[in-house]
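This is what each chain is made of:
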Amino acid sequence: MLQGVEPWHLLGLEAHLLEAVATKEARPVLLIFTMRGRMLSLGRYHLYDGPIERAGLSAWRRFTGGRVVGAGEGWLGLALILPSRDALLPDHDLKLKPDQVMNRYVRGLLAVLRELGIECFYPGRDAITIERREIAMCTFETDASGAMLFEAVLAVNRGMEEVVHDLEHFDPEGLLPCAMYGPDVATKLVRELDRDVTFAEVANAIARGYSNLLGGGARREITALENAHAERRGASLEQRRWLQLSTDGNLSSRLASQLGSIEARVKISADGAVKKIDLVGDLIANSPGIAAFQSELSGRRLDLASVSAAVMKIFGHGDNFILGIGELSNLVKLITRAQ
């Protein structure tokens, strides 16, 4: 359990543990954490190249995709790191399809909220709701080894309605997408419980929920060596300007998606071939799959046959995934309509 962890340290720790769990140098890990200050959590694929701090707010970029959500004061996060996306699940849940993954791993958090006295529901996509009001969001990533990072964020005493107002100050140009939220479509733990809660109370409940879901587990502290790895890898990400993401595509296309919006930015050469393509916005995808798709489409024509072949080759078999866009035909339409 990590209270007040710095974003770069958390990213470095996640990067190290993904590698350590994949190589069996470490057992599967559940991190439960809070951060200091008022923050915004950007998904892996959101365009943003502005400052890290503005108007008393700061931002960090996750390894996982998905929507812009809250972080820092008033929010509690969890990161579950496993050697594969079906690790520790019962036999009947092996070989999960990508769109089933969050359904399984969100169950630990659902159990926690019900233990606290809140009847909640996971309707699919990325949100946990109470009578259709969002109280938590989830997302996941798998790396090249197949190791999985499942993340969720719980609104404790700040919710998505605050995120909307924070974005107006942090991102006045409106580059970061976010739907409008009010008390009828968003909520938080203290509102539903009608009382305050401590980090320890919620964190202990989360630990129990995931221990029950995954068949046990022992609490331990992050070791000095793990913290050293986290510092080194976090510093490297900061030097590489991990927060900033921009694109120089000269063609673009946007699609309203299940999570918000997804945009294709395509850079075309003088002879009409694809030099570079970026998929940005509110999508949940595995980064090796996105990299493979960019490579596969590079040098091809931006036509229906070429794009369809690349989409099916990379995402059609289920090992790679791109969620939030619906049918893969929607991805083909998004890219071929870039202009």
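Quick caveat: nothing in here was measured; it's all calculated off a predicted structure.

**Quick look at the state of the cysteines**
Structurally, a disulfide amounts to a covalent bond that connects the sulfur atoms of two cysteines. Under the counting rule described, the total for this entry stands at zero disulfides. Left without a disulfide partner, Cys120 is nearest to the cysteine sulfur of Cys138, which lies 12 Å away. Note on Cys178: no disulfide assigned, nearest cysteine sulfur contributed by Cys138 at a separation of 16 Å.

**Observations regarding the nonpolar core**
Counting residues in hydrophobic clusters, the biggest one holds 47 residues, and the most contacted among them are Tyr105, Leu109, Ile128, Phe140, Phe150, Leu189 and Ile206. Of all the secondary structure elements, the ones that give two or more residues to this core are β6 (75–82), α2 (98–105), α3 (107–115), β7 (127–130), β8 (133–142), β9 (148–155), α5 (189–193) and α6 (199–214). Looking at this core, the element that brings in the most residues is α6, giving eight residues. Within the second largest apolar cluster, 28 residues are counted, among which are Leu2, Ala15, Leu31 and Leu237.

**As for the pairing of strand β1 (residues 29–33)**
The two faces of the sheet receive side chains in turn, since in a regular strand these alternate between them. Burial analysis of β1 places four of its five residues in the buried class, which makes it a mostly covered element. With five bridges joining them, β1 and β6 adopt antiparallel strand pairing. Counterpart to Phe33 in the pairing with β6 is Gly77.

**A word on the sheet that holds strand β11 (residues 261–268)**
Reading across the sheet, the three strands line up as β10-β11-β12 and stay open at both edges, with antiparallel pairing between neighbours. Across the chains shown, the open sheet's two edge strands, defined by having one partner strand only, are β10 (251–256) and β12 (274–281). Along the sheet, successive strands turn relative to each other by an average axial angle of 15°, direction set aside. Where β11 lies against β12, seven bridges are found, and the strand directions are antiparallel. For Ile262, the partnering residue across the bridge sits in β12 and is Gly281.

**Here we look at unusual backbone geometry**
You will see that Arg125, though not glycine, has its phi angle at about 60°, which is positive. With respect to the helices, strands and loops of the structure, Arg125 is situated in the loop between α3 and β7. Its identity is not glycine, yet Asp194 carries a phi of approximately 60°, on the positive side.

**Points about the sheet that holds β9**
Read across the sheet, five strands follow the order β1-β6-β9-β8-β7 without closing on themselves; strand pairing throughout is antiparallel. One side of each edge strand has no neighbouring strand; the edge strands of this open sheet are β1 and β7. Here the average twist between neighbouring strands, direction ignored, is 15°. In this sheet, β9 lies alongside β6 in antiparallel orientation, the contact comprising eight bridges. Bridged to Leu76 within β9 is Leu154. Strands in contact with helix α1 (residues 7–22) are β1, β6 and β9; relative to β1, the strand with the most contacts, it is inclined by about 170°.

**Quick word on the packing of helix α9 (residues 304–315) against helix α10 (residues 328–336)**
Where α9 meets α10, the closest approach of the two axes is 9 Å, and the angle between their N-to-C directions is 140°. One element, α9, and the other, α10, form an angle in the oblique class. Note on packing geometry: the crossing formed by α9 with α10 is right-handed. Mapping the contact onto sequence places Leu304, Val307, Ser308, Val311, Met312 and Phe315 in α9 and Leu328, Leu331, Val332, Ile335 and Thr336 in α10. Across the contact of α9 with α10, the residue classes tally to nine nonpolar, two polar and no charged.

So, how was this worked out
- Residues numbered from 1 in each chain as written.
- Predicted model: local features only at pLDDT ≥ 70, side-chain atom pairs only at ≥ 80, totals over all residues.
- Heavy atoms only, no water.
- Disulfide = S-S within 2.5 Å.
- Core = buried A, V, L, I, M, F, W, Y, C linked by side-chain atoms within 4.5 Å.
- Buried < 20%, exposed > 50% of the residue type's maximum accessible area, 1.4 Å probe, protein only.
- Helix = DSSP H or I, 4+ residues; strand = E, 2+ residues; numbered from the N terminus.
- Pairing = 2+ DSSP bridges.
- Axes fitted to C-alpha atoms, helices over the stretch in contact; angles between N-to-C directions.
- Contact = heavy atoms within 4.5 Å.
- Parallel < 35°, antiparallel > 145°, perpendicular 65-115°, else oblique.
- Left-handed = near helix turned anticlockwise from the far one by under 90°.
- Nonpolar A, V, L, I, M, F, W, Y, C, P; charged D, E, K, R; others polar.

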